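Understanding the architecture of this molecule
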Amino acid sequence: DTGVSQDPRHKITKRGQNVTFRCDPISEHNRLYWYRQTLGQGPEFLTYFQNEAQLEKSRLLSDRFSAERPKGSFSTLEIQRTEQGDSAMYLCASSSTSGGSLSSYEQYFGPGTRLTVT
Amino acid sequence: KNEVEQSPQNLTAQEGEFITINCSYSVGISALHWLQQHPGGGIVSLFMLSSGKKKHGRLIATINIQEKHSSLHITASHPRDSAVYICAVRFSGTYKYIFGTGTRLKVLA
């Protein structure tokens, strides 16, 4: 399967613990996005990478959140000192800059990691 | 006020009906994305638009740049079309996408 993969699919953690999620984009995609989705809402943008460079971050991404994409391939999203309000689905998406201007905007989503903070 | 507004929020239709979901946005965009999300969370891309109209099977998407409005139409709806349909826009000059809250569609047999 050559789609976007995320690991783990589900994570239950206690308040105050740190968690790390991984996203593996489609192999030739150089753009990678992280989103957060809470129940009944659309996804909210968290951050964007082009290759290894983090080009945009949302104000939602507090000091407890950090994302990396060290080699321009997979990415990790870490949440430190988790809070109950961090409970959400964390989605990763990737896209490519090749193939023409409009097709380069099309994002392919992973299945998400559902985080529950107790 | 959300920068991307969708309507209706919930929609119930009988099988075979023609369905329209609307998306309005506030400022200039470089692209608009229609997405489908099934229970369990998986998101599938349906269309990318920057102008005009696109058709894929029973799905049609249109966009009016001047009116800052897009519609997603489903012809001959079927229960398997039941899902949440989400509009996402990439505003000019930014990398990020802003998503609507989604339209929850239920098609009854």
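Residues numbered from 1 in each chain as written. Chains lettered and ligands numbered in written order. Predicted model: local features only at pLDDT ≥ 70, side-chain atom pairs only at ≥ 80, totals over all residues. Heavy atoms only, no water.

**Comments concerning the state of the cysteines**
- The full count for this structure, using the stated rule, is two disulfides over all chains.
- Linked covalently through their sulfurs, Cys23(A) and Cys92(A) form a disulfide whose S-S length is 1.8 Å. Residues Cys23(A) and Cys92(A) share a disulfide whose torsion about the S-S bond is about -65°; that sign makes it left-handed. You can see Cys23(A) sitting in strand β3 (residues 19-24) and its partner Cys92(A) sitting in strand β9 (residues 88-95), a full 69 residues away along the chain. In terms of burial, Cys23(A) and Cys92(A) fall into one category: buried.
- Here Cys23(B) is linked by a disulfide to Cys87(B), with a sulfur-sulfur distance of 1.9 Å. The sign of the S-S torsion, about -60°, decides the handedness of the disulfide formed by Cys23(B) and Cys87(B): left-handed. Residue Cys23(B) is found in strand β3 (residues 19-25), and its partner Cys87(B) is found in strand β9 (residues 83-91); the two are separated by 64 residues along the sequence. (Disulfide = S-S within 2.5 Å. Helix = DSSP H or I, 4+ residues; strand = E, 2+ residues; numbered from the N terminus. Buried < 20%, exposed > 50% of the residue type's maximum accessible area, 1.4 Å probe, protein only.)

**Here we look at the pairing of strand β6 (residues 52-56) of chain B**
All names here are of chain B.
- Of all five residues in β6, zero are buried, a share of ten percent or less.
- Bridging between β6 and strand β7 (residues 59-64) involves five bridges; their strand directions are antiparallel. Looking at β7, one finds that Lys 54 is bridged to Ala 61.
- Linking two consecutive strands that pair antiparallel, namely β6 and β7, is a turn of two residues; a positive phi of about 60° is found at Gly 57 within it. (Pairing = 2+ DSSP bridges.)

**What to know about the side chain of Asp81(B)**
- By secondary structure assignment, the location of Asp81(B) is in the loop between β8 (69-74) and β9.
- Not counting the four nearest positions on each side in its chain, Asp81(B) is found in contact with Gln36(B), Arg58(B), Ile74(B), Leu105(B) and Val107(B). (Contact = heavy atoms within 4.5 Å.)

**Digging into the nonpolar core**
Residue and element names in this part refer to chain B.
- Formed by 25 residues in total, the largest nonpolar core has its most connected members in Leu 32, Trp 34, Leu 72, Tyr 85 and Val 89.
- No other element matches the five residues that β9 contributes to this core.
- When sequence neighbours within four positions are dropped, the list of residues in contact with Leu 32 reads Cys 23, Tyr 25, Phe 47, Met 48, Leu 49, Ile 63, Ser 70, Cys 87, Ala 88 and Val 89. (Core = buried A, V, L, I, M, F, W, Y, C linked by side-chain atoms within 4.5 Å.)

**Thoughts on the packing of aromatic side chains**
- For the structure on display, the rule yields eight aromatic pairs over all chains.
- Summarising the aromatic geometry, the rings of Tyr33(A) and Tyr48(A) are spaced 4.7 Å apart at their centres and angled 40° between planes, so their arrangement reads as tilted. Of the two residues, Tyr33(A) is situated in strand β4 (residues 31-37) and Tyr48(A) in strand β5 (residues 44-50); the sequence distance between them amounts to 15 residues. Note on accessibility: Tyr33(A) and Tyr48(A) belong to one class, buried.
- Note on Phe109(A) and Phe99(B): the rings are 6.4 Å apart at their centroids and 75° apart in plane angle, and the pair reads as edge-to-face. With Phe109(A) in strand β10 (residues 108-109) and Phe99(B) in strand β10 (residues 97-99), this pair bridges two chains.
- Phe109(A) sits in the buried class, given a relative accessible area of 10%.
- A connected cluster of aromatic rings, assembled from ring pairs, spans Tyr33(A), Tyr35(A), Phe45(A), Tyr48(A), Phe109(A), Tyr97(B) and Phe99(B).
- Here the basic side chain of Arg22(A) rests over the ring of Phe74(A), its NZ or CZ set 3.9 Å away from the ring centre. (Phe/Tyr/Trp six-rings, centres within 6.5 Å; stacked < 30°, edge-to-face > 60°. Lys NZ or Arg CZ within 6 Å of the ring centre and 35° of its normal.)

**Considering the pattern of salt bridges**
Residues and elements named next belong to chain A.
- Evaluation of the coordinates by the stated rule reveals five salt bridges over all chains.
- Note that Glu 44 is salt-bridged to Arg 36, the shortest N-O span being 3.9 Å.
- Look at Arg 36 and you get buried, because its relative accessible area is 12%.
- Each of the salt bridges in this network shares a partner with another, and the network as a whole consists of Arg 64, Glu 83 and Asp 86. (Salt bridge = Lys/Arg side-chain N within 4 Å of Asp/Glu carboxyl O.)

**What about the interface of chain A and chain B?**
- Listed as interface residues are 19 residues of chain A and, on the opposing side, 22 residues of chain B.
- Each partner contributes to the roughly 1,800 Å² buried at the junction of chain A and chain B, and carbon and sulfur atoms together form 59% of this total.
- At the surface where chain A touches chain B, the tally comes to zero salt bridges.
- At the surface where chain A touches chain B, the tally comes to three residue pairs in polar contact (both at pLDDT 80 or more).
- Sorting the residues of the side of chain A that touches chain B by element identifies β4, β5, β6 (53-57) and β9 of chain A as the ones contributing at least two each.
- By residue number, the principal contributor to the side of chain A that touches chain B is β4(A), which donates four residues.
- In the side of chain A that touches chain B, the residues fall into 11 nonpolar, five polar and three charged. (Buried area = accessible area lost by both parts, 1.4 Å probe. Polar contact = N/O pair within 3.5 Å; in protein donor to acceptor, adjacent residues only side chain to side chain. Nonpolar A, V, L, I, M, F, W, Y, C, P; charged D, E, K, R; others polar.)

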